[in-house]
Amino acid sequence: MFAGQVVKFFVGEASGPDGAWTEAALRRENETWGDVVQVEGLVDAATNVSSKLLASLSYFADLSPSPTHYVRVEDDVYLFAERLARALRVVADGDEADS
């Protein structure tokens, strides 16, 4: 989609009866794809969404070279990535984006 694109999934620590299974699955996912960032000391819960947001902003702010765009999507949202990419290209070229 974009050269230099970075995709990461920010998760808190798993809890509850399936916590150990979830932690193992996250480790396997990260070993395979390298796309999981686990926010230490933070239980993955709806009440911690803003803390995960701040962790992701901090993570991407520390990348070099600095990102030109940042998109955050929750797990109950479908992102039309190609449409977003097309709109960003149009904006970068100075034209108006087609809907």
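These notes cover the structure that comes with them. (Residues numbered from 1 in each chain as written. Predicted model: local features only at pLDDT ≥ 70, side-chain atom pairs only at ≥ 80, totals over all residues. Heavy atoms only, no water.)

On to the overall build of the chain, then. If you tally the helices and strands in the chain, you get 3 helices and 2 strands. Traced from its N-terminal end to its C-terminal end, the chain shows the element sequence β-α-β-α-α. The globule rule puts the C-alpha radius of gyration for 99 residues at 13 Å, and the 16 Å found for the chain is more than 25% above it. Along the first, second and third principal axes, the C-alpha set of the chain runs to 50 × 30 × 25 Å. Burial analysis of the chain (99 residues in total) assigns 16% to the buried set. Of all intrachain contacts in the chain linking residues separated by at least 6 positions in sequence, the fraction that spans at least 24 positions is 59%. Summing over all exposed atoms, the chain offers an accessible surface of approximately 7,700 Å²; the carbon and sulfur share of this is 54%. Here the chain holds 8 positive side-chain charges and 17 negative ones, and the gap between their average locations is 3 Å. (Helix = DSSP H or I, 4+ residues; strand = E, 2+ residues; numbered from the N terminus. Rg over C-alpha atoms; globule rule 2.2 N^0.38 Å. Buried < 20%, exposed > 50% of the residue type's maximum accessible area, 1.4 Å probe, protein only. Contact = heavy atoms within 4.5 Å. Areas by Shrake-Rupley, 256 points an atom, 1.4 Å probe, with all protein chains shown as cover. Lys, Arg positive; Asp, Glu negative; His and termini not counted. Charge placed at Lys NZ, Arg CZ, Asp CG, Glu CD.)

This brings us to the pairing of strand E1 (residues 9-13). In the sheet, E1 pairs with strand E2 (residues 36-43) via 4 bridges, with the strands oriented parallel. Counterpart to Glu-13 in the pairing with E2 is Val-43. Handedness of the crossover joining E1 and E2 through helix H1 (residues 19-33) is recorded here as right-handed. (Pairing = 2+ DSSP bridges. Right-handed = clockwise from strand over helix to strand, strands pointing away.)

Let us look at the packing of aromatic side chains. Ring pairs (aromatic) are described by centroid distance and by the angle formed between their planes. Under the definition given, this model contains 5 aromatic pairs. With a centroid separation of 6.1 Å and 55° between ring planes, the pair formed by Phe-10 and Phe-60 is classed as tilted. A residue pair is termed long-range when its members are at least 10 positions apart, and Phe-10 in strand E1 and Phe-60 in helix H2 (residues 49-61) qualify at 50 residues. Taking the centre distance of 5.8 Å and the plane angle of 70° together, the rings of Phe-60 and Tyr-70 count as edge-to-face. One end of the pair, Phe-60, is in helix H2; the other, Tyr-70, is in the loop between H2 and helix H3 (81-92), with 10 residues separating them in the sequence. A relative accessible area of 13% means that Phe-60 is categorised as buried. One aromatic cluster is present, built from ring pairs that chain together Phe-10, Tyr-59, Phe-60 and Tyr-70. (Phe/Tyr/Trp six-rings, centres within 6.5 Å; stacked < 30°, edge-to-face > 60°.)

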